[in-house]
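Here is how the chains run, residue by residue.
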Amino acid sequence: MRSLLNTLSARLLIGSGIPLVLFVTVGLVAGIAISRLLDALSRERHTHEVILQAFHLQKQLDRMRAAAREDHSRARSLSPPYFAAREELSLLAAELEGQVSDNADQQTRVRKVRQLEEDWHRALKGKAGEKVVAAERPADAIEREVEQFIAVEEAQLETRRAQTEAQGWQSRDLIVVTAGVALLLTLALSIQSARSVTRPIERLREGASQLLAGQFRTVPPAGPKEVAELIVLFNHMALTLSERVGAIEQQKERYQSYIGAVAHVLWATNSVGDVVADLPTWRAYTGQAETELRGLGWLDAVHPDERAATVEAWRNAVANRAIFEVGCRLRSAAGDYRDFAMRGVPLMSPAGTVCEWIGTCTDVTESKQRASMREAMEAAEAANRAKSEFLAKMSHELRTPLNAVIGMSKMLTTLRFGPLTAKQADYLGDITKAGEHLLALINDILDLAKVEAGKMEVHADAFPVSEAVTGALKTLRPLAESRGVALRVEETADGDLYTDAARFRQVLYNLLSNAIKFTLAKGSVAVRWEWIDRPERDGGSVAEPGAGAVRVAVRDTGIGIAPTDQSLVWEEFRQIKARFEEGQQGTGLGLALTRRLVRLLGGTIWLESEVGQGSTFTFVLPRQLPEVPVAKEEEAPGDNQPLALVVEDHPPTHKLLCDWLGEAGFLTASAFDGEAGLELARRLRPRLIVLDIQMPKVDGWQVLTELKGDPVTQSVPVVIVTVTDQREPASGLGAVDFFVKPIDRNDFLRRLHVLRASGASRVLVVEDDPATRKLLGDMLRAEGATVIEADNGRVALERLQEGPFDLIVLDLMMPEMDGFAVVEEVRARGNLAGVPVLVVTAQDLTAEDRHRLNGRIHALLSKERLTPEKLRQHLEALGLVTARG
């Protein structure tokens with residue numbers, strides 16, 4: 001270029017030096033202007049790239065949020081789509097931080113986004129299986145930071161776009177004006193001396209004019225070599241400028257497409273809060289014309305009930321140059337209203353004044369609906385919890401006195417407290433029958449409520465269908481015979497059904513007892529079952545091995561049910577009246593509960609009946625109970641065993657005694673000298689002590705003397721094992737039995753069993769209901785036990801310090817300290833660890849309750865099933881009484 005200018009200058013100087021200087025100036029000005037334009041274009045392109053990167057980051061955030069919610073809805077851990085989106089977001093954030101290295105505030109926002117993303121990820125990992133929405137607050141914060149980042153970059157883009165446009169116009173004007181002036185002067189002053197270059201220069205001028213008009217066309221090189229080179233240089237400049245302008249237009253189109261792709265209604269106003277420019281996304285949503293939304297016309301799209309509050313919030317924000325945030329309903333082009341969150345921020349000039357306001361309107365209708373649904377669900381769950389608590393309370397408060405009435409009546413009929421007159425026995429029978437009827441009614445009501453509340457637990461067991469049917473018929477045969485009704489079984493191939501056996505028998509019992517009730521004398525009730533291919537009403541009969549379900553039908557020859565009444569039999573407290581049933585008892589709950597139980601087991605039930613001909617109730621159950629919950633049934637024995645302390649210095653004998661005690665059902669603790677034996681006896685308070693006499697440090701006689709002189713250990717039975725036959729001192733000091741080595745195993749186990757069963761057991765009864773406490777005490781005293789009573793948990797813990805106990809009989813629902821707390825306290829104390837606990841309660845236990853008791857109690861007995869025989873079975877299992885021959 002320098003060679004060209006030198007040669008051209010030499011030629012032009014022939015005519016005049018001034019034009020030459022002007023032309024050189026044109027080149028210099030053009031170079032400077034183009035350089036500045038290219039720099040402005042580069043800055044603007046960089047801003048576009050930053051905004052695009054931010055939108056990509058926002059998209060990955062949405063993918064992470066969607067994946068987390070999907071994982072939560074499927075109750076699973078964070079999935080690969082979530083981690084893929086998270087990795088991409090981390091890469092984008094790192095790149096974005098590098099792109100804004102010249103802006104400290106934007107870099108700070110990107111770092112905050114990365115920190116928030118880490119917080120969110122930890123929150124999601126810590127709350128898997130809980131509510132994911134509660135862990136999304138960091139995600140919302142990320143969203144806000146990214147939106148603020150984009151807003152700042154978009155404001156900067158507008159500024160740089162304006163600068164680029166101004167620089168382009170300035171460069172073009174400067175180049176054209178300078179070039180035009182230089183060309184005109186050069187042509188005017190050099191026409192005589194530079195005739196050979198006028199035509200190419202004229203073409204170059206025409207090209208410059210076209211450039212000024214926005215038409216980017218090349219000029220054909222012509223004239224002297226130097227002029228041709230100048231034209232080539234001009235063409236290159238024009239081509240570069242054309243490419244830059246095209247890039248600007250392309251970036252502008254991309255920016256407009258980004259705006260159109262954003263899921264928001266975008267808006268902008270001037271510095272005083274009036275709309276002055278077109279708002280495409282606002283018009284697209286609201287349907288307002290451009291002229292309608294000018295000034296404050298956009299407020300016409302706000303719901304009338306919220307317009308005043310929106311205006312006030314907007315004016316306050318403009319007056320205070322504060323962020324504008326408000327929630328309102330916006331009218332769509334279709335005329336309906338949706339909830340939006342409006343937010344706007346002021347853009348400040350370097351001088352500290354407001355340039356304009358920009359903002360978004362985000363549709364939050366679905367999120368508000370979800371929030372409302374969530375609140376409704378929480379309210380429903382709270383109501384369901386309250387209902388469950390009420391049921392538990394009702395179960396305890398109603399069953400407890402009824403169980404006492406029934407239990408005491410049955411105790412009196414055993415004649416343990418003296419003979420009864422015939423009238424008294426008759427009245428007791430009526431009392432027992434009435435109490436059992438009332439208890440059955442309460443149980444039906446509570447069962448119905450539990451099924452409706454989803455609290456009824458089912459437990460799958462494999463059992464033969466014929467066994468369940470036979471058991472139900474055996475129970476109801478006396479009732480049928482008293483009414484003159486024959487019971488028949490029309491069975492097909494037998495096989496095992498895997499479902500809740502108790503609920504299956506309950507369904508059978510309800511249907512059979514209902515059929516007997518509505519069948520006249522000399523009538524019949526028949527039960528038939530068959531295996532079918534699928535658990536549906538129209539399933540086809542199949543051989544038992546390939547069956548998918550069982551279909552059971554109970555048919556009677558009773559009075560039948562009219563078609564208009566058949567739908568009523570499934571309703572609670574509804575009974576179909578008939579002449580012959582005058583005076584019969586009934587609650588109207590049996591069939592309602594039966595249908596719910598069948599549905600609970602995954603089946604269906606229906607009725608077919610004809611007046612005067614009888615009725616048939618048929619139900620179908622899947623062979624395999626679907627989705628069986630894991631829970632423990634009542635009366636699952638724990639692993640608590642009585643503790644025996646072996647004080648013996650000879651290792652082989654010591655080991656042998658421990659093995660034999662283990663066979664007798666004892667846990668064992670070991671001491672190999674008298675001092676250790678005394679220390680362990682006082683600390684562990686065992687149920688039995690086996691003591692050798694000849695031992696180092698302290699011999700057995702001294703140990704026995706100290707044991708019987710200590711209030712803590714004086715009531716613990718002591719069995720002497722020694723090589724000398726000195727029985728008199730042993731019995732005089734309080735030993736309960738005496739063995740001379742070598743010991744016979746069978747004799748040791750037999751006498752140990754008699755010793756456990758013949759001793760007067762000490763039993764602590766913890767029960768707040770006086771009638772039930774009295775009933776339990778009488779039952780235990782009838783078996784020879786010494787009974788100590790406590791009316792709540794705190795009193796029970798005090799009683800336990802009074803001496804060793806062989807058994808704790810414990811209620812769960814009590815004031816001050818409930819039974820769960822008592823069990824935990826007992827198991828936490830080393831000296832009480834071996835005392836068995838028998839829980840007797842009327843409370844319906846949840847799976848969580850059973851889990852709290854599992855392994856900590858000997859057994860769980862319902863007050864509803866409390867009988868002297870049942871209590872004795874547990875005492876026999878603990879070795880506190882001998883089994884009856």
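Because the structure is a prediction, the values reported are computed rather than measured.

Definitions and limits used
- Residues numbered from 1 in each chain as written.
- Predicted model: local features only at pLDDT ≥ 70, side-chain atom pairs only at ≥ 80, totals over all residues.
- Heavy atoms only, no water.
- Axes fitted to C-alpha atoms, helices over the stretch in contact; angles between N-to-C directions.
- Helix = DSSP H or I, 4+ residues; strand = E, 2+ residues; numbered from the N terminus.
- Parallel < 35°, antiparallel > 145°, perpendicular 65-115°, else oblique.
- Left-handed = near helix turned anticlockwise from the far one by under 90°.
- Contact = heavy atoms within 4.5 Å.
- Nonpolar A, V, L, I, M, F, W, Y, C, P; charged D, E, K, R; others polar.
- Buried < 20%, exposed > 50% of the residue type's maximum accessible area, 1.4 Å probe, protein only.
- Expected span 1.5 Å × (residues − 1).
- Arc of directions from axis to C-beta.
- Lys, Arg positive; Asp, Glu negative; His and termini not counted.
- Salt bridge = Lys/Arg side-chain N within 4 Å of Asp/Glu carboxyl O.
- Polar contact = N/O pair within 3.5 Å; in protein donor to acceptor, adjacent residues only side chain to side chain.
- Pairing = 2+ DSSP bridges.
- Core = buried A, V, L, I, M, F, W, Y, C linked by side-chain atoms within 4.5 Å.
- Patch = residues over 30% accessible without salt bridge, like charges linked within 9 Å, V, L, I, M, F, W, Y side chains within 5 Å.
- Areas by Shrake-Rupley, 256 points an atom, 1.4 Å probe, with all protein chains shown as cover.
- Right-handed = clockwise from strand over helix to strand, strands pointing away.

Asks: Can you walk me through the packing of helix H3 (residues 80-99) against helix H4 (residues 104-126) in this structure?
Replies: Two numbers describe a pair of packed helices, the interaxial angle and the distance between the axes. Their axes nearest at 9 Å, the elements H3 and H4 cross at an angle of 160 degrees. One element, H3, and the other, H4, form an angle in the roughly antiparallel class. Between H3 and H4 the crossing geometry is left-handed. Note on element contacts: H4 touches H3 through Gln107, Val110, Arg111, Arg114, Glu117, Glu118, His121 and Leu124, opposite Tyr82, Phe83, Arg86, Leu89, Ser90, Ala93, Ala94, Leu96 and Glu97. Taken together, the residues of the contact of H3 with H4 break down into eight nonpolar, three polar and six charged.

Asks: Quick question: what am I supposed to make of the side chain of Gln53 here?
Replies: By the secondary structure assignment, Gln53 is in helix H2 (residues 17-73). What makes Gln53 buried here is its relative accessible area of 9%. Those residues in contact with Gln53 that lie beyond four places of it in its chain are Leu92, Glu95, Leu96 and Gln99.

Asks: Is there a simple way to explain helix H15 (residues 651-663) in this structure?
Replies: Each α-helix winds once per 3.6 residues, and so residues spaced three or four apart point in a common direction. Taking 1.5 Å of rise per residue, 13 residues should cover 18 Å, and H15 covers 19 Å from first to last C-alpha, within 8% of that figure. Among the residues making up H15, those that are buried are Thr653, His654, Leu657, Cys658, Trp660 and Leu661. Across the axial projection of H15, the buried residues extend over an arc of 165 degrees, all falling on one side. Facing away from the buried side of H15 by more than 90 degrees, the exposed set consists of Pro651, Pro652 and Lys655. Downstream of H15 by one or two residues, Gly665 has phi in the positive range, about 95 degrees.

Asks: Just checking my understanding: could you explain the side chain of Arg160 for this structure?
Replies: Within the secondary structure layout, Arg160 lies in helix H5 (residues 137-190). Within the buried set, Arg160 has no salt-bridge partner at all; the shortest N-O distance to an opposite charge, 4.2 Å, is to Asp102. Engagement of the side chain of Arg160 in a polar contact is seen with the backbone oxygen of Arg43, the distance being 3.1 Å. Those residues in contact with Arg160, other than ones at most four positions away along the chain, are Arg43, Glu44, His46, Thr47 and Asp102.

Asks: Explanation requested: the pattern of salt bridges in the structure shown.
Replies: A side chain with one charge can pair with a side chain of the opposite charge if their charged atoms come near. Scanning all chains against the criterion turns up 33 salt bridges. Note that Arg781 and Glu789 form a salt bridge whose closest N and O atoms lie 3.4 Å from each other. For Arg781, a relative accessible area of 39% puts it in the partly exposed group. The salt bridge involving Glu816 is made with Arg794; its shortest N-O contact spans 4.0 Å. Pair noted here: Glu816 is in the loop between strand S19 (807-810) and helix H22 (819-828) and Arg794 is in helix H21 (residues 793-799), with a separation of 22 residues, a long-range link. Beyond isolated ion pairs, a larger network of salt bridges with shared partners links Asp533, Arg534, Glu536 and Asp538.

Asks: Looking at this model, I keep getting lost on the sheet that holds strand S3 (residues 337-348). Mind explaining?
Replies: Each strand in a sheet pairs with its neighbour through backbone hydrogen bonds, running either in the same direction (parallel) or in the opposite one (antiparallel). Taking strand neighbours across the sheet as the criterion, the four strands line up as S1-S4-S3-S2 in an open arrangement whose pairing is antiparallel. The open sheet has two edge strands, strand S1 (265-270) and strand S2 (324-331), and neither has a second partner. The sheet shows a mean angle of 25 degrees between the axes of neighbouring strands, direction not considered. As paired elements, S3 and strand S4 (residues 354-363) share nine bridges and run antiparallel to each other. Counted as the bridge partner of Val345 is Ile358 from S4.

Asks: I tried to follow the nonpolar core on my own but got confused; where do I start?
Replies: Considering soluble globular proteins, one finds that nonpolar side chains tend to be buried as a cluster. The biggest cluster of nonpolar side chains holds 43 residues, and the ones touching the most others in it are Phe504, Leu508, Leu511, Leu512, Val525, Val552 and Phe619. No other element matches the eight residues that helix H13 (residues 501-517) contributes to this core. Ignoring any residue separated from it by four or fewer positions in sequence, one finds Val552 in contact with Phe504, Leu508, Val527, Arg528, Trp529, Phe617, Thr618 and Phe619. Ranked by size, the runner-up nonpolar core spans 29 residues in total, among them Met64, Ala68, Leu124 and Ile142.

Asks: Could you clarify how one ought to interpret the sheet that holds strand S10 (residues 604-610) in this entry?
Replies: Sheet architecture is open: five strands sit in the order S6-S8-S9-S11-S10, paired in mixed fashion. Two strands bound the open sheet, and with one partner strand each, they are strand S6 (486-490) and S10. The average undirected angle you get between the axes of adjacent strands in this sheet is 15 degrees. As paired strands, S6 and strand S8 (residues 524-532) are joined by five bridges and run parallel to one another. Paired with Arg488 across the bridge in S8 is Ala526. Against the sheet, H13 contacts S6, S8, strand S9 (549-556), S10 and strand S11 (614-622), and its axis sits at roughly 175 degrees relative to S11.

Asks: Teacher, can you tell me more about a nonpolar patch on the surface here?
Replies: A contiguous nonpolar patch, built from Val405, Tyr427 and Ile431 and spanning about 270 Å² of accessible area, is present on the exposed surface. Checked against the element boundaries, Val405 lands in helix H10 (residues 365-413). The exposure class of Val405 is partly exposed, given its relative accessible area of 38%.

Asks: Before we go on, may I ask you to explain the pairing of strand S17 (residues 762-766) in this structure?
Replies: Along any regular strand, the residues point their side chains to alternate faces of the sheet. Burial runs high along S17: four of the five residues are buried. Note that S17 and strand S18 (residues 786-790) share five bridges and pair parallel. The residue of S18 that forms the bridge with Val763 is Val787. Regarding topology, helix H20 (residues 770-782) serves as the crossover connection from S17 to the parallel S18, and that connection is right-handed. Two strands pair when backbone bridges link them, and S17 and S19 are joined in this way by four bridges, in the parallel orientation. Within S19, the residue paired with Leu764 across the bridge is Ile808.

Asks: So what exactly am I meant to see when it comes to H13 here?
Replies: If you check H13, its first and last C-alpha atoms are 24 Å apart, about what 17 residues at 1.5 Å a residue would give, namely 24 Å. The element H13 is largely enclosed, with a buried count of 14 among its 17 residues. N-capping of H13 is provided by Asp500, with a side-chain oxygen placed 3.1 Å from the backbone N of Ala502.

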